[in-house]
Amino acid sequence: MQGKTVLVVDDDTSSLELIDFILKLKHYKAELSSIPEDTVNTAVRLKPDLIILDLLMPTMSGIEVCTRLKQDDRTRDIPVLFISAMVSERDMEAGVRAGAVGYIIKPYDTSQVLAKIDQIMSKMETLK
């Protein structure tokens with residue numbers, strides 16, 4: 001899975017840095033963004049293998065970002081993984097309805113995040 005690109009969108013710099021560190025442990029290439037409104041354009045430009053979204057961001061929710069990604073022909077097939085401190089069933093269901101392939105609750109364990117990312121990447125490889 002080395003060399004795969006992951007676009008990470010979160011308004012919190014420390015969260016971005018932590019996910020960047022975690023991704024580098026497995027030699028994933030992380031592209032970091034704190035601007036959810038630019039996610040579709042950034043995804044079109046980068047063609048990432050996975051997009052990780054925070055659920056709660058001040059200018060646009062992760063649900064709205066995911067919905068826009070899934071409505072765009074150029075980005076609809078990119079898997080989206082939510083990482084959020086929001087733990088209600090309603091939030092998780094909204095993420096799945098928006099098109100996400102997974103949901104990880106903060107605080108999280110590094111091995112949990114890597115296992116989920118590896119699982120998603122492996123599944124995408126078998127679909128190719």
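This text follows the structure it describes.
Everything numeric in this text was worked out from a predicted model, so none of it was measured. (Residues numbered from 1 in each chain as written. Predicted model: local features only at pLDDT ≥ 70, side-chain atom pairs only at ≥ 80, totals over all residues. Heavy atoms only, no water.)

1. So, helix α2 (residues 39-46)
Three or more residues of α2 are buried, namely T39, V40, T42 and A43. Along α2, the residues classed as buried sweep out an arc of 165° about the axis, all on the same side. Seen from the buried face of α2, the exposed residues on the opposite side, beyond 90 degrees, are N41 and R45. At the exit of α2 stands K47, carrying a positive phi of roughly 50°. (Buried < 20%, exposed > 50% of the residue type's maximum accessible area, 1.4 Å probe, protein only. Helix = DSSP H or I, 4+ residues; strand = E, 2+ residues; numbered from the N terminus. Arc of directions from axis to C-beta.)

2. Quick word on the packing of aromatic side chains
Aromatic ring pairs: the centre-centre distance and the angle between the two ring planes describe each pair. Taken as a whole and judged by the stated rule, the model has 1 aromatic pair. Judged by centre distance (6.3 Å) and plane angle (50°), the ring pair of F82 and Y103 falls under tilted. Within this pair, whereas F82 is found in strand β4 (residues 80-84), its partner Y103 is found in strand β5 (residues 102-105), the two being separated by 21 residues in sequence. Taking relative accessible area as the criterion, F82 reaches 0% and is therefore assigned buried. (Phe/Tyr/Trp six-rings, centres within 6.5 Å; stacked < 30°, edge-to-face > 60°.)

3. Some thoughts on the pattern of salt bridges
On inspection of all chains with the given rule, the structure shows 9 salt bridges. The closest approach of N and O atoms between D10 and K106, which form a salt bridge, is 3.4 Å. Linking D10 in the loop between β1 (5-9) and α1 (13-25) with K106 in the loop between β5 and α5 (110-127), this pair joins segments that are 96 residues apart in sequence. For D10, a relative accessible area of 6% translates into the label buried. Of the charged contacts, one joins D73 and R76 as a salt bridge, the two residues approaching to 2.3 Å between their closest N and O atoms. The exposure class assigned to R76 is partly exposed, which follows from its relative accessible area of 36%. A network of salt bridges, in which partner residues are shared, links D10, D54 and K106. (Salt bridge = Lys/Arg side-chain N within 4 Å of Asp/Glu carboxyl O.)

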